[in-house]
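In case you want the letters, here they are:
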Amino acid sequence: MAQPVAIVTGASRGVGRAIARRLLMEDWRVAGVARSEEALRDMEKEWPSFRGFVADVRDRARAKAIVEEVEKTWGPVDALIANAGVGHYAPTWELSEDHWDEMLEVNLKGPFLWSQAVLPSMMARKKGHLLFISSVAGTTTFPGGAGYCASKWGLMALADTLRQEVKPYELRVTVVAPGSIQTGFAGSPIKPYSLLPEDVAEACWHALSAPERVIYGTIIMRPKVPGELGGA
Ligand code: NAP
């Protein structure tokens, strides 16, 4: 049987790298997208079934070209994991317009563009899985998080809409919404209690490997904090 094919955006480090690794462990082929060429080339050397594509996820033409190349080389894309993301935190009155735009473009428009790039062939085959890495910040808000939360709430809306739209095409749409992860995302200090990138990768694998009749809609995951009462 042909090896399944995934595209993982933001694969150069952190969660995206862990997802790529998890899929490779299951004998998938993985096309990893990011801007850091060196990291992608190192991953190609380490993992024979991995291919890196240097791209900015905001580039619509590049998304289309990469999907075409992957399909030509490996066959149809079975799963898109739209994971690339950025975070900038500041009180709303201090958040720069550039940072606002970057978060909305990378975290929300990126998944939209990549979905558009993979959907035509998934819809034609009636087979495929779109998986979006959102955040607990897509279900709640916090001071300093206006732009980031807006981008991730928007992503939840995009995913929820898509899940309904693609029903006639028998495609699956999943959102994984994690709390703090030990990646150094957005230059944040690593919290004493946080998820590992591998924990998020495992949740993704759980959704991707579920029987075809099962759709995991939204998976919200948080680190267990000893003694914590409530909270996001
Ligand atoms: P990370 O270690 O900073 O990795 C971010 C990834 O996104 C990198 O591979 C980066 O690659 C890529 N990326 C950023 N901007 C890009 C662009 N314009 N074009 C292409 N790739 C781009 O962060 P992470 O923690 O793994 O985050 C992954 C996802 O998890 C994000 O969507 C984030 O919002 C979400 N998340 C993170 C946390 C957390 O606490 N870490 C919690 C909840 C959700 P290049 O720089 O090489 O382009």
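Residues numbered from 1 in each chain as written. Predicted model: local features only at pLDDT ≥ 70, side-chain atom pairs only at ≥ 80, totals over all residues. Heavy atoms only, no water.

## Thoughts on the pattern of salt bridges
Inference 1: As enumerated under the stated definition, the model contains 15 salt bridges in all.
Inference 2: Two residues, Asp 160 and Arg 163, come together in a salt bridge whose shortest N-O distance is 2.8 Å. Taken as a pair, Asp 160 and Arg 163 lie in helix H5 (residues 146–165) at a separation of 3 residues, close to a single helical turn.
Inference 3: Classification of Asp 160 as partly exposed rests on a relative accessible area of 39%.
Inference 4: The exposure class of Arg 163 is buried, given its relative accessible area of 16%.
Inference 5: Several salt bridges converge on common partners, so that one network encompasses Arg 22, Glu 26 and Glu 202. (Salt bridge = Lys/Arg side-chain N within 4 Å of Asp/Glu carboxyl O. Helix = DSSP H or I, 4+ residues; strand = E, 2+ residues; numbered from the N terminus. Buried < 20%, exposed > 50% of the residue type's maximum accessible area, 1.4 Å probe, protein only.)

## Topic: the site of the ligand
Inference 1: Lining the immediate environment of the ligand, one finds 29 residues, of which Arg 35, Ser 36, Asn 83, Tyr 148 and Thr 183 sit closest.
Inference 2: One of the backbone N or O atoms of Val 57 is found 2.9 Å from a nitrogen atom in the ligand.
Inference 3: Separating an oxygen atom of the ligand from a side-chain N or O atom of Lys 152 is a distance of 2.9 Å.
Inference 4: Isolated, the ligand exposes 880 Å² of accessible area, and the fraction of that covered by the protein chains is 95%.
Inference 5: At the level of elements, helix H1 (14–25) and H5 are the ones that each hand at least two residues to the shell around the ligand.
Inference 6: Here the shell around the ligand is composed, by residue class, of 13 nonpolar, 11 polar and 5 charged. (Near = heavy atom within 4 Å. Polar contact = N/O pair within 3.5 Å; in protein donor to acceptor, adjacent residues only side chain to side chain. Areas by Shrake-Rupley, 256 points an atom, 1.4 Å probe, with all protein chains shown as cover. Nonpolar A, V, L, I, M, F, W, Y, C, P; charged D, E, K, R; others polar.)

## Concerning the environment of Ser 121
Inference 1: Looking at where Ser 121 falls in the secondary structure, it is placed in helix H4 (residues 97–125).
Inference 2: Considering only alpha carbons, one finds Ser 121 and Gly 179, 58 residues apart in sequence, at a separation of 33 Å.
Inference 3: In terms of polar contacts, Ser 121 uses its side chain to reach the side chain of Glu 71, at 2.9 Å.

## What about the sheet that holds strand E5 (residues 129–133)?
Inference 1: If you walk across this open sheet you meet the 7 strands as E3-E2-E1-E4-E5-E6-E7, and the pairing is parallel. The open sheet terminates on both sides in strands that have one partner only, identified here as strand E3 (50–54) and strand E7 (218–221). Each adjacent strand pair in this sheet contributes to an overall mean axis angle of 15 degrees, direction not counted.
Inference 2: The pairing of strand E1 (residues 5–9) with strand E2 (residues 29–34) spans 5 bridges and is classified as parallel. Within E2, the residue paired with Thr 9 across the bridge is Val 33. (Pairing = 2+ DSSP bridges. Axes fitted to C-alpha atoms, helices over the stretch in contact; angles between N-to-C directions.)

## Focus: the pairing of E2
Inference 1: With respect to burial, E2 is a largely interior element, 5 of its 6 residues being buried.
Inference 2: Note that the unit made of E1, H1 and E2 has a crossover that is right-handed.
Inference 3: With 5 bridges connecting them, E2 and E3 associate as parallel partners. Bridged to Val 30 within E3 is Phe 50.
Inference 4: Remark: the E2/helix H2 (residues 37–46)/E3 crossover connection has right-handed handedness. (Right-handed = clockwise from strand over helix to strand, strands pointing away.)

## Notes on unusual backbone geometry
In most cases, non-glycine residues show a negative phi, while peptide bonds are predominantly trans.
Inference 1: Phi angles above zero are rare outside glycine, and Asp 27 is one such case at about 70 degrees.
Inference 2: Mapped onto the elements, Asp 27 comes out in the loop between H1 and E2.
Inference 3: At Ala 186, a position not held by glycine, the phi torsion is positive, near 60 degrees.
Inference 4: Residue position: Ala 186 is located in the loop between strand E6 (172–178) and helix H6 (197–208).

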